[in-house]
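What follows is each chain in one-letter form.
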Amino acid sequence: MSRVIDLTGQRFGRLTVVQFYQRKNGRTFWKCQCTCGNQTISRADALKSGSVKSCGCFAKEKHKLDFEKFARSKRQKNDLKENTDLTNLVDKPQSNSLSGIRGVCFSKGEQLWIATLNLKGKNILHKRFKNKQDAINARKEAEEKYFKPILEKYKNSHSCQSD
Ligand SMILES: [Zn+2]
């Protein structure tokens, strides 16, 4: 029988050895206080080798952190997709646009047609026209100029997806 080495008061990771617990099959067990408030029984050799560093809370927290990290990165990806405002490109014309063309509406106060285009929350087109067709043309031109490259890029990078 080897002599029991007193570990009382020693710190191993989050665990501080409080008192001797028992000796069984040649192994020494110690009662430990974890920084999280839990008490746990740990084997002396596991403490000394560093394989036990907490009551188990450390592993649980790490798992939780990993999961949160994963969830966060997934959320960011989704945000990125929404930010490109692609849903706007395939939307049906707004029912209140009067023109039947998305991005072209009639200002009753000014008696003018207004062509608008929003991209990623920015107003990149906002022009007034006396003639409805001019407004439609302006909107279409802007679509060609700003949306097409994005659509092409989107198509190319998402060609493997069904949506
Ligand atoms: Zn703990």
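Everything discussed here concerns the structure shown above.
A quick note: this is a predicted structure, and the numbers were derived from the prediction, not measured.

**Student:** Tell me about the sheet that holds strand E7 (residues 122-129), residues and numbers included.
**Tutor:** With antiparallel pairing, 3 strands are arranged side by side in an open sheet as E5-E6-E7. Sheet topology places strand E5 (104-107) and E7 at the edges, where each strand pairs with a single neighbour. Across the sheet, the mean angle separating the axes of adjacent strands is 25° when strand polarity is ignored. Pairing between strand E6 (residues 112-119) and E7: 7 bridges, direction antiparallel.

**Student:** If you had to explain the nonpolar core to someone new, which residues and values would you point to?
**Tutor:** Counting 13 residues, the largest nonpolar core has Val 104, Ala 115, Leu 117, Leu 125, Phe 129 and Ala 135 as its most contacted members. Residue assignment for this core shows that the elements contributing at least two residues are E6, E7 and helix H4 (132-157). Sorting elements by how many residues they give to this core places H4 first, with 6 residues. Apart from the residues lying within four places of it in its own chain, the contact partners of Leu 125 are Ala 115, Thr 116, Leu 117, Ala 138, Arg 139 and Ala 142.

**Student:** Describe the coordination of the zinc ion, listing the residues and the values that go with them.
**Tutor:** The protein atoms donating to the zinc ion are Cys 34 (SG), Cys 36 (SG), Cys 55 (SG) and Cys 57 (SG), with metal-donor distances spanning 2.2 to 2.3 Å. Given 4 donor atoms and angles of 103 to 117° at the metal, the environment of the zinc ion is assigned as tetrahedral. Donor residues for the zinc ion, ordered by position in the chain, follow C-x1-C-x18-C-x1-C. Of this pair, Cys 36 sits in the loop between strand E3 (27-34) and strand E4 (39-43) while Cys 57 sits in helix H2 (residues 57-83); the two residues are 21 residues apart in sequence, bridging distant segments of the chain. Residue classification places Cys 57 among the buried residues on the basis of a relative accessible area of 9%.

**Student:** Describe in detail the side chain of Thr 116, supporting the description with residues and values.
**Tutor:** Relative to the helices and strands, Thr 116 resides in strand E6. The class of Thr 116 is buried, set by a relative accessible area of 18%. For Thr 116, the contacting residues outside a window of four places in its chain are Gly 103, Leu 125, His 126 and Arg 139.

**Student:** Give a description of the side chain of Ser 42 that names residues and reports values.
**Tutor:** Here Ser 42 lies in strand E4. Here Ser 42 is in contact with Leu 15, Thr 28, Phe 29, Trp 30, Cys 32, Leu 47 and Val 52, once residues within four sequence places are set aside.

**Student:** An account of the sheet that holds strand E1 (residues 11-12) is needed here, citing residue identities and associated values.
**Tutor:** The strand order across the open sheet built from 4 strands is E1-E2-E3-E4, with neighbouring strands paired in antiparallel fashion. A single partner strand is all that each edge strand has here, and the edge strands are E1 and E4. Sheet topology note: the E3/E4 ladder contains 5 bridges and is antiparallel. Following the sheet pairing, Trp 30 is matched in E4 by Ser 42.

Thresholds applied
- Residues numbered from 1 in each chain as written.
- Predicted model: local features only at pLDDT ≥ 70, side-chain atom pairs only at ≥ 80, totals over all residues.
- Heavy atoms only, no water.
- Pairing = 2+ DSSP bridges.
- Helix = DSSP H or I, 4+ residues; strand = E, 2+ residues; numbered from the N terminus.
- Axes fitted to C-alpha atoms, helices over the stretch in contact; angles between N-to-C directions.
- Core = buried A, V, L, I, M, F, W, Y, C linked by side-chain atoms within 4.5 Å.
- Buried < 20%, exposed > 50% of the residue type's maximum accessible area, 1.4 Å probe, protein only.
- Contact = heavy atoms within 4.5 Å.
- Donors = N, O, S within 2.8 Å, 3.2 Å for Na, K, Ca; no water.
- Tetrahedral: all angles 85-135°; square planar, octahedral: opposite > 155°, others 65-115°.

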